[in-house]
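A structural walkthrough
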Protein chains: 2
Amino acid sequence: MAYALWKQMKHDPKHPDWPARDRFVLSAGHGSMLEYALLHLYGYGLTMDDIKNFRQWGSKTPGHPEFGHTAGVEATTGPLGQGFATAVGMAIAEAHEAAVYNRDGFPIVDNYTFVLMGDGCMQEGVQAEAASLAGTLKLGKLIALYDSNKIQIEGSTELAFTENVQARYEAYGWQVLCVEDGEDVKAIEAAIEAAKAETEKPSLIIVKTIIGRGTPNAGTAKVHGAPLGEENIAIMRQTYGWEYEPFEIPEDVYAHYAALADACAKPKAAWDACFEAWAKQYPERKAQWDADHSDALPVDLLNDEAFWAFEGKAATRASSGEVLNRLSKLLPNLMGGSADLAPSNCSTIKDAPDFSANCREGRNIHFGVREFAMAAAANGMALYGGLRPFCATFFVFSDYLKPALRLSALMNLSVLYILTHDSIGVGEDGPTHEPIEQLAMLRSIPNVITFRPADAKEVAAGYLAALTHRCPTALVLSRQGLPLLETTGKGALKGGYVLREPKGTPDVILMASGSEVELLYKAADLLSVRGFTARIVSMPSMELFDAQDAAYRESVLSDGIRARVAVEAASAFGWQKYVGLDGEIVSMPGFGASAPGGTLFEQFGFTPEAVAKAALRAIEKNR
Amino acid sequence: MAYALWKQMKHDPKHPDWPARDRFVLSAGHGSMLEYALLHLYGYGLTMDDIKNFRQWGSKTPGHPEFGHTAGVEATTGPLGQGFATAVGMAIAEAHEAAVYNRDGFPIVDNYTFVLMGDGCMQEGVQAEAASLAGTLKLGKLIALYDSNKIQIEGSTELAFTENVQARYEAYGWQVLCVEDGEDVKAIEAAIEAAKAETEKPSLIIVKTIIGRGTPNAGTAKVHGAPLGEENIAIMRQTYGWEYEPFEIPEDVYAHYAALADACAKPKAAWDACFEAWAKQYPERKAQWDADHSDALPVDLLNDEAFWAFEGKAATRASSGEVLNRLSKLLPNLMGGSADLAPSNCSTIKDAPDFSANCREGRNIHFGVREFAMAAAANGMALYGGLRPFCATFFVFSDYLKPALRLSALMNLSVLYILTHDSIGVGEDGPTHEPIEQLAMLRSIPNVITFRPADAKEVAAGYLAALTHRCPTALVLSRQGLPLLETTGKGALKGGYVLREPKGTPDVILMASGSEVELLYKAADLLSVRGFTARIVSMPSMELFDAQDAAYRESVLSDGIRARVAVEAASAFGWQKYVGLDGEIVSMPGFGASAPGGTLFEQFGFTPEAVAKAALRAIEKNR
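Now for the overall build of chain A. The helix and strand inventory of chain A stands at 25 helices and 21 strands. Taking 623 residues into account, the globule formula puts the C-alpha radius of gyration at 25 Å, and chain A, at 27 Å, falls close to it. Dimensions along the principal axes, computed over C-alpha positions, put chain A at roughly 90 × 60 × 45 Å. Expressed as a percentage of its 623 residues, the buried residues of chain A come to 64%. Long-range pairs, those at least 24 residues apart, make up 75% of the contacts in chain A between residues at least 6 apart in sequence. Taken as a whole, chain A presents about 21,400 Å² of accessible surface, with 52% of it coming from carbon and sulfur. Considering chain A, the positive charge centre built from 56 side chains and the negative charge centre built from 77 side chains are found 4 Å apart.

This is how it looks when you write it as structure tokens:
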């Protein structure tokens, strides 16, 4: 299957980053050795030593394919189903970029996205979400190959999986093709041709294979993960008439692949010529292409007064909508959508149409109620290149998409997550819709910026942080209105900063994020009446703060001041790193409840009085 | 639809906990008012004042239905798709309990599970997973009603969802019935009858409805979440000829429902008689039934020497398999399975058959590669009653099931999560399979016991904790072998305890969980050579430790000793609550890598030397 596919793929081992290459995603990532073998044979730079170091420290051949680690690997895969959903995102990106950039006679964006799935992928929910979305969007250039060997780790797939996959995919609006024998190269080639020919529907090619074919354990779960063993390997070698040593590849095999690889150069050269001519004829498009493919921002947002200008009280989700729309004009490659909550998430680009089967230039994607596939697709859009993808849902449902956010982080993808309704401020919808532990969940993932702004200016800072870091950023935004605070602003880019400093050494440091920062001012005023002084610290992003140098961190959280109070309408978990053993945390003791948001803030103790009391306790403790 | 269904349902408002009642799950939980209206009219104890206090502080009518909060509510719903998957678990439980308890002429377990879904549920991946599983398991007594109104928050479902739901469900092996008019009570009743008659396949009834019917906004997204407004309400009243005041229910309506409710008493009385006769005829079964429906354990495990007896080195996943099998003999209602990782999770009950379409008494469930539906189904099994469900996967894939674990916690369900391969000890599979932030993720969820045992004895403690708490427990278990430690044991039930105490006040407290506890002994020995003494603390469960009284906590983490070191091959996030600002944490700086587990422990600094060095730093800092 892999042989037939790669032979037909448009790619060039000498230019693994060629933008017009066909994409190949190994969604069944545990079969990484298959991909490494192809990369080795095609000359992508993987040596036989790399192959020998399979799954060893420092090797280019880790247990699962890793994007950015091994040339030619298009996506980090392994967590099942996600590679497929990521491929759907790549196909969305291709369709959009083609509409934006292609001109008559210049098909500079024109590639297929191939994805190889196993039975595991076929069982995961994210796969179902993504397949349904791909059918709706008529992603005709998406071609999935399903390695159907009927075996999973616990035994026959019959134990858990008796559905009719073909009928299911047809119900999604896919073309489904079947190949009865996974080693019939011609039949697979013909199926791929038929899949390419169908441009209205995505195609699924079901390829029936035998796991461990040619070994005594063929067709059993024994060959899924466990080594074959010397004896069975000997039998397999006999079966196939394979007379070479381990790691020895016959010269004619190398020669055969070298010829295939050489043939790749021609389409690449043709594309180069086409691209050059297009660039000449459409210099404005070429300039935009370059901008889209650069991390650099077209204007100096940090010093752009208009970018930081806001007025009046607003929910940070509304401010986010405002900033997103300011940016969308500067950055035509901002593209994304919501899992059916766009009006609530304020995540619509107002002057852009919807991306749909009929409107590929659209920038607003209706992902449907499919948070996980949405995020995985956003990863695919980021991987495709040229786009700055965003996706949106209620913060509490970041739970549903967390596995994809983890892969954004692992792949260093600048996917923007717009997560609104960020605390018990959600109110009436009650505990199922009120995030409590989600901030801790995000803050504990390596390589993610979690940013919970206190007001509109901090929202702007959050977007700027997202646009200038090569990692995912989660903007965590309020449902309820928040006032513009006095001294907020660019300081937020440092993650944590002082909003108000009293004269002399403060008696206590008050810190919070998001909607709770407002409380600190009022608590400080109450403390002042009692004769105590407080430093007020806004901490929108622990990750950005922790990345500052020691002197700066000391200027905000001075070691000598141990009377510290953190306030967050969420789990206390994690705040101890700033308040230590001698501070106080005003936080949620458990899940929320259903009532107006203001009532919940009062009932759960998020009041100036409660914060002031906590401060007095902290001052007392640290006398 | 609801009227037709509840009229046909076997239930008794006077006995909401009647074990043989039909179950009704409102998967589209945002329609909670529909369920509250039914509960009010049927006389489940919801008063008109409760209705008037819809979504207010302290009311019995929160924004989404909450199990345990409102009599008659079978499951907490709202996070879309999950109610459906939970219903699949209830249907699994019913099929199993019927096989275990029913005898000829005594169908004491015999009920349908009904679930009401919306377009949102239909789009979520967890729904797809659960539907496929239900088809495989031929859960003929599961009946789903799909309120197909073609409208979602962003507009028409056509924007995101054009698939053929009927064909998809048929592909899963379901019977699919259609009702063209959602207000045609007779047609709905007929469909429900047809669904009940089909005993081999689960049934989906697609009911076409018009959202906001009878209002000017009918059939549009405007009526999804926003209030109708006075004017539109007036028009609706006119359309329906409804002449009563708000919250006024005509007496004949109450009388009608009272008659329906009265009629419920008869089947309940018949069942009572049947149950009594069964209990007489099968006293052993009755005794087991009582045991199964009690939280109490049949033996005093705490003082059962055999339960705590282990020998030699073993991976805690293997010890878990051992303990699970010891318990399965005592607790025939232990039932569960893995998301296709049973051999790796060591989660098979060895002397029990598989639960399948042909073997309902089986206790091992093959959930397939469907972590999320697995956990949601386990919730359903727990809700059904009489069972102690467990589910298993790799710890890193707790990400996939987290939304269901959150609902276990919110519902106080004692679901056991067996999560193996718990750190970079996973080794060769690499970063996609190595948990880093998952411990923080679980520890930050309210009402979850996260338990990471250091050896086999602590595994036993973890199981005992799980069996004696009304909340979910996550057992976090190693892939790699771990030695039996000297002084581990029942102390682990306190969450954190001292394993070794030097003479006099220790210079430093060393603490860790799981596989890293072993390192502490070796580090302490190194420190001893340098003339420093260390207290060694095992901290398998922060939640259990935090629940101890202050004096106990002080005896383990004495306030006067601030030189503290925590060691965990995971994110440091959260450990600061024990080490404070002046301690040290030996932890993972980012994601893992692909290499043998032992190599990774060395490369990432989980060595006695590194721990000892950290201890010296902590001692120095706190001089």
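Here the narrative resumes, following the displayed structure.
Its rotation angle being 180°, the transformation that places chain A on chain B also includes 0.0 Å of axial translation and leaves an RMSD of 0.0 Å. The relationship between the two copies is best expressed as a two-fold rotation axis. By residue overlap, the copies meet face to face through one surface: 100% of the interface positions of chain A are interface positions in chain B.

Residue and element names in this part refer to chain A. Put simply, helix H20 (residues 517–529) and helix H25 (residues 608–621) touch, their axes get as near as 8 Å, and they point 60° apart. Relative to H25, the element H20 lies oblique. As H20 packs across H25, the resulting crossing turns out to be right-handed. Facing H20, whose interface residues are Leu 519, Leu 520, Lys 522, Ala 523, Leu 526 and Leu 527, H25 presents Pro 608, Glu 609, Val 611, Ala 612, Ala 615 and Leu 616.

Looking now at the packing of aromatic side chains. Describing an aromatic ring pair means giving the distance of the ring centres and the angle of the ring planes. Under the counting rule described, the total for this entry stands at 59 aromatic pairs over all chains. Plain terms: the ring middles of A:Tyr36 and A:Phe54 are 6.1 Å apart, the flat faces sit at 75° to each other, and that makes the pair edge-to-face. Taken together, the residues span a long stretch of sequence, with A:Tyr36 in helix H2 (residues 32–42) and A:Phe54 in the loop between helix H3 (48–52) and helix H4 (82–101) at a distance of 18 residues. A residue is classified by how much of its surface remains accessible, and A:Phe54, at 26% relative accessible area, is partly exposed. An aromatic cluster of at least three residues, connected via ring pairs, comprises A:Tyr3, A:Trp6, A:Phe24, A:Tyr42, A:Tyr44 and A:Tyr257. Between B:Lys141 and the ring centre of B:Tyr112, over which it is positioned, the NZ or CZ distance is 5.8 Å.

Let us now look at the pattern of salt bridges. All names here are of chain B. Following the criterion strictly, the structure yields 65 salt bridges over all chains and no others. Its salt-bridge partner being Arg 326, residue Glu 322 comes within 2.8 Å of it at the nearest N-O pair. One end of the pair is Glu 322 and the other is Arg 326, both in helix H14 (residues 316–330) and four residues apart, which spans about a single turn. Judged by relative accessible area, which is 37%, Glu 322 ranks as partly exposed.

Residues and elements named next belong to chain B. Here His 421 lies in the loop between strand E13 (416–420) and helix H18 (438–443). Here His 421 falls in the buried class, since its relative accessible area comes to 6%. Of note is the side chain of His 421, whose polar atom sits 2.7 Å from the side chain of Thr 420.

What follows covers the environment of A:His256. All names here are of chain A. Mapped onto the secondary structure, His 256 falls in helix H10 (residues 251–263). Its relative accessible area of 38% is what places His 256 among the partly exposed residues. C-alpha separation for the pair His 256 and Thr 473, spaced 217 residues apart in sequence, amounts to 45 Å. In this structure the side chain of His 256 is engaged in a polar contact, spanning 2.6 Å, whose partner is the side chain of Tyr 3.

Attention shifts here to the interface of chain A and chain B. Counting residues at the interface gives 100 residues for chain A, matched by 100 residues for chain B. Summing both sides of the interface, chain A and chain B together bury roughly 8,200 Å²; the carbon and sulfur share of this comes to 60%. It is A:Trp57, A:Glu154 and A:Phe573 in chain A that bury the most area against chain B; as a group they hold 10% of the surface buried on that side. Taken together, the links from chain A to chain B amount to 10 salt bridges.

Moving on: the nonpolar core. A:Tyr169, A:Leu204, B:Tyr169 and B:Leu204 are the most contacted members of the largest nonpolar core, which has 355 residues in total. With residues near it in sequence (within four places) discarded, A:Tyr169 still touches A:Phe84, A:Met117, A:Met122, A:Gln127, A:Ala131, A:Trp174, A:Val176 and A:Leu204.

Below, the discussion takes up the packing of helix H16 (residues 371–384) of chain B against helix H17 (residues 398–410) of chain B. Residue and element names in this part refer to chain B. Their axes nearest at 7 Å, the elements H16 and H17 cross at an angle of 15°. Judged by the angle between their axes, H16 and H17 are roughly parallel. With respect to the hand of their crossing, H16 and H17 are arranged in right-handed fashion. Here Glu 371, Phe 372, Met 374, Ala 375, Ala 376 and Asn 379 of H16 lie close against H17, whose contacting residues are Tyr 400, Leu 401, Pro 403, Ala 404, Leu 407 and Ser 408. Residues belonging to the contact of H16 with H17 are distributed by class as follows: nine nonpolar, two polar and one charged.

Looking now at helix H10 (residues 251–263) of chain B. All names here are of chain B. Between the first and last C-alpha of H10 there are 18 Å, a value that for 13 residues agrees with the 18 Å anticipated at 1.5 Å per step. Of the residues making up H10, those classed as buried are Tyr 257, Leu 260 and Ala 261. On an axial view of H10, the arc spanned by its buried residues comes to 100°, and they lie on one face. Exposed and facing more than 90 degrees away from the buried side of H10 are Glu 251 and Asp 252. Packed against the buried residues of H10 are helix H1 (2–8), helix H2 (32–42) and helix H11 (265–281).

Residue and element names in this part refer to chain B. Strand order in the open sheet formed by five strands is E1-E2-E3-E7-E6, with parallel pairing between adjacent strands. Every interior strand has two partners, whereas the edge strands, strand E1 (23–26) and strand E6 (175–179), have only one. When the angles between neighbouring strand axes are averaged without regard to direction, this sheet yields 20°. In this sheet, strand E2 (residues 113–117) lies alongside E1 in parallel orientation, the contact comprising four bridges. Bridging from a neighbouring strand, Phe 24 pairs with Phe 114 of E2.

The rules behind each value
Residues numbered from 1 in each chain as written. Chains lettered and ligands numbered in written order. Predicted model: local features only at pLDDT ≥ 70, side-chain atom pairs only at ≥ 80, totals over all residues. Heavy atoms only, no water. Helix = DSSP H or I, 4+ residues; strand = E, 2+ residues; numbered from the N terminus. Rg over C-alpha atoms; globule rule 2.2 N^0.38 Å. Buried < 20%, exposed > 50% of the residue type's maximum accessible area, 1.4 Å probe, protein only. Contact = heavy atoms within 4.5 Å. Areas by Shrake-Rupley, 256 points an atom, 1.4 Å probe, with all protein chains shown as cover. Lys, Arg positive; Asp, Glu negative; His and termini not counted. Charge placed at Lys NZ, Arg CZ, Asp CG, Glu CD. Least-squares fit on C-alpha atoms with pLDDT ≥ 70 in both. Axes fitted to C-alpha atoms, helices over the stretch in contact; angles between N-to-C directions. Parallel < 35°, antiparallel > 145°, perpendicular 65-115°, else oblique. Left-handed = near helix turned anticlockwise from the far one by under 90°. Phe/Tyr/Trp six-rings, centres within 6.5 Å; stacked < 30°, edge-to-face > 60°. Lys NZ or Arg CZ within 6 Å of the ring centre and 35° of its normal. Salt bridge = Lys/Arg side-chain N within 4 Å of Asp/Glu carboxyl O. Polar contact = N/O pair within 3.5 Å; in protein donor to acceptor, adjacent residues only side chain to side chain. Buried area = accessible area lost by both parts, 1.4 Å probe. Core = buried A, V, L, I, M, F, W, Y, C linked by side-chain atoms within 4.5 Å. Nonpolar A, V, L, I, M, F, W, Y, C, P; charged D, E, K, R; others polar. Expected span 1.5 Å × (residues − 1). Arc of directions from axis to C-beta. Pairing = 2+ DSSP bridges.

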